[in-house]
Each structure stands twice: as structure tokens, then as C-alpha cells.
Amino acid sequence: MSIKNTRLLHRNSYISKQFKKTNLLEKIKTKYSIRTGQTALKNDVVSISSRDKKILAKANFSFDESSLAFEDSIFGKQKPNMPFIKMIAGYFSSIFGKKVSPEKAVEKMNAYQQLSYIKDSKEFCQKAFEQIKNDFGYKDLNIPLIFDKPKMFDASWDLTKGVITLCLNLSKKFNGQEKTDIIEYLMHEFRHTRQTEMAYRTSVDGLLDAISENYPRRIVGDLLGQSEEAQIKMAESTGKSLEDFQKMLRELGLREKIDYKMVLNGKEQIFDKDNAKIHLEQIFGKLKPFRKGSLKYRQGLNFIEGERTYVPGSIDMEKYKNGILEKDAYTTKSNWHNIINLTD
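Residues numbered from 1 in each chain as written. Predicted model: local features only at pLDDT ≥ 70, side-chain atom pairs only at ≥ 80, totals over all residues. Heavy atoms only, no water.

In this approach a probe as big as a water molecule rolls over the atoms, and the regions it shows empty are the leftover space. Tallied over the entire structure, the rule returns one cavity of 30 Å³ or more. Reported here for the largest cavity is a volume of approximately 40 Å³. Along its surface, the largest cavity is lined by F61, Q78, K79, P80, N81, F84, I85, I88, L342 and T343. Here the lining of the largest cavity takes three residues from helix α4 (residues 82–96), the largest share from any one element. Tallied by class, the residues present in the lining of the largest cavity amount to six nonpolar, three polar and one charged. (1 Å grid on protein atoms, 1.4 Å probe; cavity = no way out; pocket = protein on both sides within 12 Å on 5 of 7 lines; lining within 4 Å. Points joined across faces, edges and corners; volume = space filled by probe spheres on them. Helix = DSSP H or I, 4+ residues; strand = E, 2+ residues; numbered from the N terminus. Nonpolar A, V, L, I, M, F, W, Y, C, P; charged D, E, K, R; others polar.)

Mapped onto the secondary structure, Q113 falls in helix α5 (residues 102–114). Residue classification places Q113 among the buried positions, given a relative accessible area of 3%. A polar side-chain atom of Q113 sits 3.5 Å from the main-chain amide nitrogen of I74. (Buried < 20%, exposed > 50% of the residue type's maximum accessible area, 1.4 Å probe, protein only. Polar contact = N/O pair within 3.5 Å; in protein donor to acceptor, adjacent residues only side chain to side chain.)

With that out of the way, let us pick up the pattern of salt bridges. Evaluation of the coordinates by the stated rule reveals 16 salt bridges. The shortest N-O distance in the salt bridge between E107 and K104 comes to 3.6 Å. With E107 and K104 both in helix α5 and three residues apart, this pair spans about one turn of that helix. Since its relative accessible area comes to 45%, E107 is described here as partly exposed. (Salt bridge = Lys/Arg side-chain N within 4 Å of Asp/Glu carboxyl O.)

The backbone of N265 sits at a positive phi, close to 55°, despite the residue not being glycine. Relative to the assigned elements, N265 resides in the loop between β5 (263–264) and β6 (267–268).

Attention now moves to the nonpolar core. By size, the foremost hydrophobic cluster in this structure holds 87 residues, and its most contacted members are F92, Y112, F124, I183 and W336. Sort the elements by how many residues they give to this core and helix α8 (residues 204–224) lands first, with 10 residues. (Core = buried A, V, L, I, M, F, W, Y, C linked by side-chain atoms within 4.5 Å.)

We now examine the packing of aromatic side chains. On inspection of all chains with the given rule, the structure shows 14 aromatic pairs. For the ring pair Y215 and F271, a centre distance of 5.6 Å and an interplane angle of 50° mean the geometry is tilted. On the criterion of sequence distance, the pair formed by Y215 in helix α8 and F271 in the loop between β6 and α11 (273–284) is long-range, its members being 56 residues apart. A relative accessible area of 8% places F271 in the buried class. Members of the aromatic cluster, joined through ring pairs, are F61, F75, F92, F96, Y112, F129, F136, Y138, F190 and W336. A cation over a ring is seen here: K77 above F70, with NZ or CZ 5.5 Å from the ring centre. (Phe/Tyr/Trp six-rings, centres within 6.5 Å; stacked < 30°, edge-to-face > 60°. Lys NZ or Arg CZ within 6 Å of the ring centre and 35° of its normal.)

All right, on to the environment of L223 then. Looking at the element boundaries, L223 is found in helix α8. Considered as a pair, L223 and M234 are 11 residues apart in the sequence and their alpha carbons are 9.0 Å apart.

This part covers the packing of α4 against helix α7 (residues 176–202). Two elements in contact, α4 and α7, have axes separated by 9 Å at closest approach and are oriented at 50°. The orientation of α4 with respect to α7, classified from their angle, is oblique. Contacts between α4 and α7 involve F92, S94, I95 and F96 on the former and, on the latter, M187, R191 and R194. Broken down by class, the residue content of the contact of α4 with α7 amounts to four nonpolar, one polar and two charged. (Axes fitted to C-alpha atoms, helices over the stretch in contact; angles between N-to-C directions. Parallel < 35°, antiparallel > 145°, perpendicular 65-115°, else oblique. Contact = heavy atoms within 4.5 Å.)

Moving on, we come to α7. Compared with an ideal rise of 1.5 Å per residue, which puts 27 residues at 39 Å, α7 spans 39 Å between its outermost C-alpha atoms and is within 8% of the ideal. Where α7 begins, one side-chain oxygen reaches toward the backbone nitrogen of Q177, 3.1 Å away; that side chain belongs to N175. (Expected span 1.5 Å × (residues − 1).)

This paragraph deals with helix α15 (residues 331–342). An α-helical turn contains 3.6 residues, so any two residues separated by three or four positions project in the same direction. Compared with the 16 Å implied by 1.5 Å per residue over 12 residues, the 17 Å span of α15 between its first and last C-alpha is a close match. For α15, the tally of buried residues reaches nine of 12 residues, placing the bulk of the element in the interior. Regarding α15, the residues found buried are T332, N335, W336, H337, N338, I339, I340, N341 and L342.

What follows is about the packing of α7 against helix α12 (residues 295–309). Axis separation between α7 and α12 bottoms out at 8 Å; the angle between their running directions is 110°. Relative to α12, the element α7 is oriented roughly perpendicular. Of the two elements, α7 crosses α12, and the hand of that crossing is left-handed. For the pair α7 and α12, contact is made by Q195, M198, A199 and T202 and by K296, Y297, Q299, G300, L301, F303 and I304, respectively. Of the residues in the contact of α7 with α12, the class split is six nonpolar, four polar and one charged. (Left-handed = near helix turned anticlockwise from the far one by under 90°.)

All quantities given are derived from atomic positions and should not be read as evidence of function.
Listed below in C-alpha cells is the structure:
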């Protein structure tokens, strides 16, 4: 059996990329007695504070058909008002893991809507990456974006190399729906970056030990992620049918205790702790360790446990999605969708 380029990736892939209509918007409108299209600046002059007026005056993220086709817009036609902006600020706070004020929320919404106007696909991805990287507080950290051809996953965070990868066809033009998806992929992967950062600042040795313990399972996941043709060849080399070969791998991958070794081409596959530590130090080495026992320290321990118990989606999709790391990262999807829905 052979396998190439085994990497430690957190992958993001969704079967459906169409946003579903929810009744969230109507619930909010009912709660705050807001009419569709109403702007607080125009109709709520008496009840709105001067501070809120200044915030709303800066909000220009609503779709404007005079300068952009609706299908190319990231956000919709709903006019900004303070209840919505405060909710958006809450969603951004959850996505980025830090407090986002209504003023900052408006700035971010304006910036994301400006991405709608970028026609070149690669330029859009790079600008979206830089915006999200900055919003996560990683502007000065050496985390590059690289591109790859479309695969079974859309994006990944490789913590052993400290890079985020987008797997897209850059020769096509992205519409607004596709741009919202790409933003979502990047937010998801930067959430994994945040998990790695917090685990590193809690205990770098604990993080590396957890990854090393789980590494054989990740190898199993990589084997199951190979093309069917490659898996058939691997199965033949073991004297098994493809079905029996896949069953054997899944049984290995689902063991609660990893008490086996993965040997490929006569060589045992061992996680390179030293090399991974070098890359992690290059990215996060200047950040202060968390105080032992603090809330962030406990969260870091949780993410270390997530690395130890991680199950790749190719082994079991439900266990993958419900694992500590993916369950946390998938919250970005619902939060970003809620922001999109609020602008419909």
C-alpha cells in the first residue's frame, strides 16, 4: 500500500450550499415591531439615540441595484436598523471569539459587501482571506493562503504547516451565493486555526501528544479518502476485496483506543512532533501561554482532547461532525447564515 502527502488537515465540506429560508427575520421584526424596508434613521428619529444614528449613517451594506446585480451581491436588500445590527454584532462575536461592537459590526458588514464587487476569482479569495484573517486577529501572523484543484473537501487548515487551502476552480466567475460560501469556508478554517492557537497556548506538548496518539486514525482516514481506483489497488495488495478492505479500515478508525500501528510500504507512519512544533512556534510562539485554570486554559484543554479523539469524515461523517473540533467550527456556518438571512 502507498499513500502520498499525508497531512494533518481540518477539512470543511458541505453537501448543500443553498441557504434555507428561516422565520428568524420575521420573529425579529415581530419582536421589535419593525416594518420591512424601514430604516431607523428615517422613521424612528424620536426613539433612536444620537450614537445609534451615527452607527446607522455608516451602514452601507444593503444591496444597491444601481451599482451591482442582485445575484452578485453577498448581502440582500434589507435596510439596516439597530436591532439587526446588534444581533449581527453578536453573531460576529461568536464567529471571531471576541467582543464585536455594533460600530465594528457595521465596519465588517461594509467590508464584506465590498467583496461583492471583485470580479476576479483569485483576487476575491485573497481579499476575503485577508479580511477574515484580520477579523480573527491574525493579521500579523504568518498564515498564508494556498490554492488547490477541487477535491472532496472545499477548504482545509493544515496545522503542521500553518497554511489554509482553498480547493476551487478559479477559472470561473463567482456569484454572490458562491462568494458567501467561500467566506463561510474561510471562517470555518480560521475557527480551526483558533482551536490550534488555544491548544498551543494551553500546552504545546499536550497538543502534540494528542495529535501523535490520534495519528494512525488520521492515516486510516486518508486511505479511505483516496480514489476508488487507488483503494482497489491497495485492497488487492492485501488480498482483500474493496468492501472488506474498507470495512477493515473503518473498524480500525472507529476503535476508541488506538492500539495499532499503520505501516505503509514497510515503514511505520509516525507523527513528526519536532517538525510540527517548529511550525507552531513560528506562528504562535510570540503569544502568551494561558494562565493555568483560566477559562481559556480549560477551553484549550478541550481542544486538545478534540485532537486526541478526532475522527475523519471518511471514516464516519456523524462522528466527524459531532466531534469537539468540528462541532465548534460548524457554529460559524449557522452564525454566518443568520447574518445573511438578516439582510434578506
